[in-house]
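# Residue-level structure breakdown
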Amino acid sequence: MEDTVKFIFKTLIKVPIIITVTYFLINVFGFAASYFKIQGLAYSAMQVGLVNNYIPTNEYDSLHSYMNSMESYILSDIDFTDNTQTATGTGSGNREGKVQYGNEITVGIKANYKWIMPLTVPEQTADGNGVAGTTDRTVVWKSDSELQAALDDAEHDNNIEISYTIPGLQYYPDLN
Amino acid sequence: MSPTKVLKVLIMTVVIMGVSFVFIEMMNVENTSARFRNTCVTALNMSCNYFGQETYKRSDFGTVDVEDIKGNTGEVAVSGRFYNGSNADAVYNDLYGSSYEFKSWANRFRSYYSNIAMLSWGLNRTEINSDIVGRVGIDVATAKSNGEHYVNAKMTPLNLGVPYLDKNSIEKIFKWQLVKILSNGKEENVVLDDGRYVKYNGFNVYFDTIAVRDITYNVYDIKDTTQRREFEKLTSIDATKLGIGDNDERRYITIASLSYSVDVTYTGVTPLREFMKFIWDTPNSTDVENMGESQTMTGGGLTGDNSLPTLGNVLYYIVR
């Protein structure tokens, strides 16, 4: 009897440890795969910046379209960093448009990797999971659009950010 | 926990760490080496473009030089001065007038291009063959006069539609560009006090060894079937659609092929070397201490000075 109880307790402890370790390994591989994807994208953007001295509008749109196709459940908010040299860039420290040969520019990509946790409950909203037949509710449910607005307002700390500081290699005769 | 179990856990930890480090290093070498090679090719291509811009002819000559690249000690690692001379005339003379390299190049190509024959006369008073200039319908006296006008206007072979690249200038531009890219804008990545190299994702790139090994010029007569096929293979241009006649000297298209070399050493991004030293090094053994720095490492194509040359080729041509 004692042995059986011991065995049960050992199993109760082992199972969550195994689950935690498994999710940890999944996240490690997921993060590594996502990082290499973003690294490849950042390198492509860097090459564009090298030969043009900035990200021209056409290439910007192409890269953005590729970023949108890369987004998934675990990888989101893929975009150029705020200090990337673009044709119509905004943000602190950004210089708009092209610069002359030899001047340093910055090209970077950022993304947010969402960690996969066990027992994650999807958000319940008034639209999807309303409480039927109850008029006296003590809990107020947000609608899908209200919840999305709240999520957008929340700060997204991009946990993947790859940035290159490179010289512009294109000589523009129309610049000083 | 019994000592046996503790030992097993320790050994397992060491094995897992070692395997992880090796895996990470393999991934890093695979990714970085491909990107590094592409970066070299891009930098060399853009060097040729920059040389073709002939920035030394700018009226505000003082802005021709670019910023020197400084290292971690604050000293200059790579100069931003690409041309020899304090003004446009001096640079032009250095590149074409007094250059032995250009003279030997022009001796070969003046038989193909009348413009080069005229320029050669203007610069070095090399005699003009009447047959060559006769192809374009001018006599020798007119050709000589044209040659002098070319020099007064600082015309170059590139202006005349024939690729000629000064090896020293291209090498300086290439070196500056490559070091600037690899250093990622950080002076601490350019090491001067412990050797002279740029740190790049686990690689040490020895910037003093960055060199344009050779610039080879091959002329392709697109009216000759065999040569036209070779030209198409190199450039993917269908020469039959260019509309060039038999008597047109534009039928001769010159392709410059540049080969470069860069010495690199891989030092790793993980503490794998220290890890292996911890495992294998003994008081009497210096093998691991010298790993990567002596001739005992084989199979990696290391040269005698322990660095691995990375070779590659770039093509430059003009179709008029």
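Residues numbered from 1 in each chain as written. Chains lettered and ligands numbered in written order. Predicted model: local features only at pLDDT ≥ 70, side-chain atom pairs only at ≥ 80, totals over all residues. Heavy atoms only, no water.

### Some remarks on the packing of helix α1 (residues 2-52) of chain A against helix α1 (residues 3-53) of chain B
To keep things clear, this is the line we draw: Angles here are taken between N-to-C directions and fall from 0 to 180 degrees, while the axes themselves are lines fitted to C-alpha atoms, restricted in helices to the stretch in contact. Secondary structure elements follow DSSP: runs of H or I no shorter than four residues count as helices, runs of E no shorter than two count as strands, and numbering proceeds from the N terminus. Note on terminology: angles under 35 degrees are roughly parallel, angles over 145 are roughly antiparallel, angles of 65 to 115 are roughly perpendicular, and the others are oblique. Contacts are assigned to residue pairs that have any heavy atoms within 4.5 Å of one another. All amino acids are sorted into three groups, where Ala, Val, Leu, Ile, Met, Phe, Trp, Tyr, Cys and Pro are nonpolar, Asp, Glu, Lys and Arg are charged, and the leftover types, Gly among them, are polar.
Viewed as axis vectors pointing N to C, α1(A) and α1(B) meet at an angle of 10°, and their least axial separation amounts to 11 Å. For the element pair α1(A) / α1(B), the angle class is roughly parallel. Between α1(A) and α1(B), the residues in contact are A:Phe36, A:Gln39, A:Tyr43, A:Gln47, A:Leu50 and A:Val51 and B:Met27, B:Asn31, B:Arg35, B:Asn38, B:Thr39, B:Thr42 and B:Met46, respectively. Of the residues in the contact of α1(A) with α1(B), the class split is six nonpolar, six polar and one charged.

### Re the interface of chain A and chain B
Buried accessible area, meaning the area lost when the parts come together, often serves as the stated size of an interface. Note the following rule: Summed over both partners, the accessible surface that disappears when two parts come together, traced with a 1.4 Å probe, is what is meant by buried area. Here a salt bridge means any side-chain nitrogen of Lys or Arg lying within 4 Å of a carboxyl oxygen belonging to Asp or Glu. Two N or O atoms form a polar contact when they lie within 3.5 Å of each other; inside protein one atom must be a possible hydrogen donor and the other a possible acceptor, and for residues adjacent in sequence the pair counts only when both atoms belong to side chains.
Listed by partner, the interface residues are 22 residues for chain A and 21 residues for chain B. With both chains or domains summed, chain A and chain B bury close to 1,900 Å², and 60% of this area falls on carbon and sulfur atoms. The interface formed by chain A and chain B contains one salt bridge. Taking the shortest distance from any N to any O, the salt bridge between B:Lys180 and A:Glu104 comes out at 3.1 Å. Our enumeration of links across chain A and chain B arrives at eight residue pairs in polar contact (both at pLDDT 80 or more).

### Describing the packing of helix α3 (residues 100-109) of chain B against helix α4 (residues 114-124) of chain B
All names here are of chain B. Filter applied, for reference: For any pair of crossing helices, the crossing counts as left-handed if the nearer helix is rotated counterclockwise from the farther one by less than a right angle, and right-handed if it is rotated clockwise.
At their nearest, the axes of α3 and α4 sit 9 Å apart, and the two run at 145° to each other. Between α3 and α4 lies a crossing whose hand is left-handed. Side by side, α3 and α4 meet where Phe102, Lys103, Trp105, Ala106 and Phe109 of the first sit next to Ile116, Leu119, Ser120, Leu123 and Asn124 of the second. The class makeup of the residues in the contact of α3 with α4 is seven nonpolar, two polar and one charged.

### Some points on the confidence of the model for chain A
Residue and element names in this part refer to chain A. Applicable threshold: Every residue is assigned a pLDDT by the predictor, reflecting its confidence on a scale from 0 to 100.
Scored by pLDDT, chain A comes out at a mean of 80, with 74% of its residues at no less than 70. Confidence scores differ between elements of chain A, with helix α3 (residues 144-153) showing the lowest mean pLDDT of 62 and strand β3 (residues 160-167) the highest of 93. Confidence drops under pLDDT 50 across residues 129-137; counting only partners more than four residues distant or on other chains, this segment forms six contacts.

### Side note on the layout of surface pockets
Where we set the bar: Only protein atoms enter the calculation, which uses a 1 Å grid: trapped sets of points that fit a 1.4 Å probe without letting it out are cavities, open sets showing protein on both sides within 12 Å along at least five of seven lines are pockets, and any residue with an atom within 4 Å of a point is a lining residue. Grid points are joined across faces, edges and corners, and a volume is the space filled by probe spheres set on the points.
Taken as a whole, the second largest pocket holds about 520 Å³ of empty space. Along the wall of the second largest pocket there are 14 residues; nearest its centre are A:Ala32, A:Phe36, B:Phe23, B:Ile24 and B:Met27. Of all the elements in the fold, those that place two or more residues in the lining of the second largest pocket are α1 of chain A together with α1 of chain B. At eight residues, the largest contribution of residues to the lining of the second largest pocket is made by α1(A). Looking at the lining of the second largest pocket residue by residue, the classes come out as 11 nonpolar, three polar and no charged.

### Thoughts on the confidence of the model for chain B
On average, residues of chain B score 82 in pLDDT, and 85% of them are at 70 or above. Two numbers describe this predicted complex: its pTM, 0.81, and its ipTM, 0.75.

### Points about the nonpolar core
Residue and element names in this part refer to chain B. The condition that has to hold: Within this scheme, the nonpolar core is defined by two criteria: the residues are buried Ala, Val, Leu, Ile, Met, Phe, Trp, Tyr or Cys, and they are joined through side-chain atoms within 4.5 Å. When a residue's accessible area, from a 1.4 Å probe over protein chains only, is under 20% of the maximum for its type it is buried; when over 50% it is exposed; and in between it is partly exposed.
Tyr83, Leu165 and Leu258 are the most contacted members of the largest nonpolar core, which has 95 residues in total. It is α1 that contributes the most residues to this core, nine residues altogether. If we ignore the near neighbours within four places in the chain, the residues touching leucine 165 are Cys48, Phe51, Glu101, Ile170, Ile215, Tyr217, Ala256, Leu258 and Tyr316. Counting seven residues, the second largest nonpolar core, distinct from the first, contains Tyr220, Phe231, Ile253 and Ile255.

### Focus: a positive patch on the surface
Stated precisely, the cut-off is as follows: Two distance rules govern patches: like charges are joined within 9 Å, and nonpolar side chains (Val, Leu, Ile, Met, Phe, Trp, Tyr) within 5 Å, applied only to residues with over 30% relative accessible area and no salt bridge. Residue burial considers only the protein chains on display, and all accessible areas are found by Shrake-Rupley using a 1.4 Å probe. In this tally, Asp and Glu contribute negative charge and Lys and Arg positive charge; neither His nor the terminal groups of the chain are included. The atoms used to mark charge sites are NZ of Lys, CZ of Arg, CG of Asp and CD of Glu.
On the surface, A:Lys6, A:Lys10, A:Lys14, B:Lys5 and B:Lys8 cluster together to form a positively charged patch. Secondary-structure elements contributing two or more residues to the positive patch are α1 of chain A together with α1 of chain B. No other element matches α1(A), which puts three residues into the positive patch. Mapped onto the secondary structure, A:Lys14 falls in helix α1. With a relative accessible area of 52%, A:Lys14 lands in the exposed category.

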